[in-house]
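Here is what each chain is made of, one letter per residue.
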Amino acid sequence: MNISIFGLGYVGCVSLGCLAKNGHTVVGVDVSESKVSQINSGIATIVENDIDEIIAEQHKAGRISATQDVAQAILNTTISIVAVGTPSSEKGHLNLDYIFKVAENIGDVLKSKNEFHVIAIRSTVFPGTCEKFSRIIEERTGKKNNIDFAVVDNPEFLREGTAVDDYYNPPLTLIGSNSEQATKLMVSLYDQLPAEVIVTDVKVAEIMKYVNNTYHALKISFANEIGNVCSALDIDSHKVMDIFCKDKQLNISPYYFKPGFAYGGSCLPKDLKGLQTLAHDLYVSVPVIDSIDKTNEYQKQRALSMLNKYFGKKIAVLGLSFKAGTDDLRNSPSVEIVENLLGRGFDIQIYDKNVHIAKLTGKNKDYIDSRIPHLSRLMVSDLDKLVQESDLIIISNKELEFVEKLENVSGKTIIDMVKINSPKIISNNNYRGINW
Ligand SMILES: NC(=O)c1ccc[n+]([C@@H]2O[C@H](COP(=O)([O-])OP(=O)(O)OC[C@H]3O[C@@H](n4cnc5c(N)ncnc54)[C@H](O)[C@@H]3O)[C@@H](O)[C@H]2O)c1
């Protein structure tokens, strides 16, 4: 395929060489005259393992060239990859000026191009950028996005130092697209790579790099804080983290990675507090770890602010314990929500098939007696009746029976804290998830 690449920096130069090596004919476009002439002399514009040989070899084979002539690049190619810089502005925002300048340049040429053209944004951009990019082109051309042309998001996952290897072995290939025609072309561009191709919504693709890189920064900072605590205790932090990484069920796994409600129960809050106190006593600063509980409290506040406007309505809380399948009420976020709402005069009834007030004992009973002393008056055992008599239903744990009951209910507002496993309920007009 004939491809143009806007921006001949790290991402652009690696894409140029690697796409050519896979048999495509690629033309680079850059505002820098020196980068254009470097490519036209078979010289890479960056320092990176293997790239010098690839650029020299592909230049010799006639598959790569560069130009400052946008019209030549657009009119002779089917896909344009945009890999210009998106630096931080002084206030920390993303500076998208280079991106939108490219949109203007491409728009001016697309006006006179009759074939379908795909623009793939490879730079790291904020959600909404592809939409704005396509609006700029629509305004300049009078053409329609996803009909005459398509702007898709195709984020780059390479790391400098191993960029060529990362290009050929990405963790996945991500394409955010609303055009079938564009998706087909993009998929064929990467058909020689071993990675899974994921086609998704444009905005999902746009936010992925931020999510990935923020998580990578969090991983490093978490490991460093654990290391700092361990070294203060003369414990080998590398042995600790090696063992930590061996747990592929709970630690290095999708488990606990679903947006939803606050955590609770008898272990997480207690052990987090324990580690914080240990660090404090050792005079070791752990700002990331210290912030975890604050985020958790915020999630409960978020739930409460969603519920404020339902004052005066009949509210059903489905699930009181901190998760399905247990009667443990200690530090259950649901208990805190109920306690807060009751304190403000909300009309609440609760159903939880695992919680039998008379059978609660020990710390569990002490906890609930101290938070909601008259809990027994609020608990009901007939889920059907509760649902029928309520205006608002709050789902706060993932008991399977809730799916069956709520799938056949209509006209009730449902607020879901845990993302119930039912597309039918989720697609209901009166349904709202806490953060989806
Ligand atoms: N460097 C990385 O490791 C990496 C990895 C993944 C994603 N990214 C993202 O990819 C994007 C590019 O990063 P980079 O490191 O390659 O940037 P870079 O600064 O190395 O290269 C950007 C190039 O774009 C050119 N340019 C600017 N305006 C232009 C225009 N109007 N027309 C044509 N060319 C223009 C510049 O002259 C420069 O050569 C950024 O959004 C970055 O966040 C970078």
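Throughout, a residue's number is its position along its own chain's written sequence, starting from 1. Since the coordinates come from a predicted model, pLDDT governs what is reported: local features require at least 70, and pairs of side-chain atoms require 80 or more to be given and counted, while whole-chain, interface and lining totals use all residues. Values shown for side chains rest on all heavy atoms present in the structure; no hydrogens or waters enter the calculation.

### Thoughts on the sheet that holds strand E12 (residues 413-416)
Paired strands are those between which DSSP finds at least two bridges. A run of H or I in DSSP becomes a helix once it reaches four residues, and a run of E becomes a strand once it reaches two; helices and strands are each numbered from the N terminus. As summarised here, the arrangement of the 5 strands in space is E10-E9-E11-E12-E13, forming an open sheet in which the pairing is parallel. Looking along the sheet, the strands with just one partner apiece sit at the ends: strand E10 (347-351) and strand E13 (431-433). When the angles between neighbouring strand axes are averaged without regard to direction, this sheet yields 20°. With 4 bridges connecting them, strand E9 (residues 314-318) and strand E11 (residues 392-395) associate as parallel partners. Bridging across to E11, Ala316 finds its partner in Ile393. By definition, residues are in contact when any of their heavy atoms lie within 4.5 Å. Here an axis means a line fitted to C-alpha atoms, over the contact stretch when the element is a helix, while the angle between two N-to-C directions is reported on a 0 to 180 degree scale. Running at roughly 155° to E10, helix H13 (residues 333-343) makes contact with E9 and E10 of the sheet.

### A closer look at the nonpolar core
One broad rule of soluble globular proteins: the nonpolar side chains tend to lie buried together. In plain words, nonpolar cores are sets of buried Ala, Val, Leu, Ile, Met, Phe, Trp, Tyr and Cys residues tied together by side-chain atoms within 4.5 Å. Burial classes follow relative accessibility: with a 1.4 Å probe on protein chains only, a residue under 20% of its type's maximum area counts as buried, one over 50% as exposed, and anything between as partly exposed. Ranked by internal contacts, the top residues of the largest apolar core, which has 48 residues, are Leu318, Ile350 and Leu406. What Ile350 contacts, discounting residues up to four positions off in sequence, is Val317, Leu320, Val338, Leu375, Leu378, Met379, Val380 and Leu386.

### Regarding empty space enclosed by the protein
Only protein atoms enter the 1 Å grid, on which a cavity is a set of points fitting a 1.4 Å probe that cannot get out and a pocket is an open set with protein on both sides within 12 Å along at least 5 of 7 lines, lining residues being those with an atom within 4 Å of a point. Grid points are joined across faces, edges and corners, and a volume is the space filled by probe spheres set on the points. Considering all chains together, one arrives at 2 cavities of 30 Å³ or more under this definition. Estimated volume of the largest cavity: approximately 100 Å³. In this structure, the largest cavity is lined by 14 residues; those nearest its centre are Arg122, Glu156, Pro170, Leu172 and Thr173. In this structure, the second largest cavity encloses a volume near 50 Å³. If you trace the second largest cavity, you find it lined by Phe261, Val317, Ser334, Ile337, Val338, Ile394, Ser396 and Met417. Looking at the lining of the second largest cavity element by element, the count peaks at 3 residues for H13.

### Comments concerning the pattern of salt bridges
By definition, a salt bridge exists where a carboxyl oxygen of Asp or Glu is found within 4 Å of a side-chain nitrogen of Lys or Arg. Throughout the structure, instances matching the rule amount to 17 salt bridges. Measuring nitrogen to oxygen at the nearest pair gives 3.9 Å for the salt bridge that ties Arg135 to Glu131. Here the residue Arg135 and the residue Glu131 both occupy positions in helix H6 (residues 129-141), the gap between them amounting to 4 residues, near one helical turn. Using a relative accessible area of 45% as the deciding quantity, one classes Glu131 as partly exposed. Asp271 is paired through a salt bridge with Lys270; the nearest N and O atoms lie 2.9 Å apart. A residue is classified by how much of its surface remains accessible, and Asp271, at 44% relative accessible area, is partly exposed. Residue classification places Lys270 among the exposed residues on the basis of a relative accessible area of 52%. Within this structure, Glu131, Arg135 and Lys203 form a network of salt bridges that share partners.

Any functional reading would require information that these geometric values do not contain.
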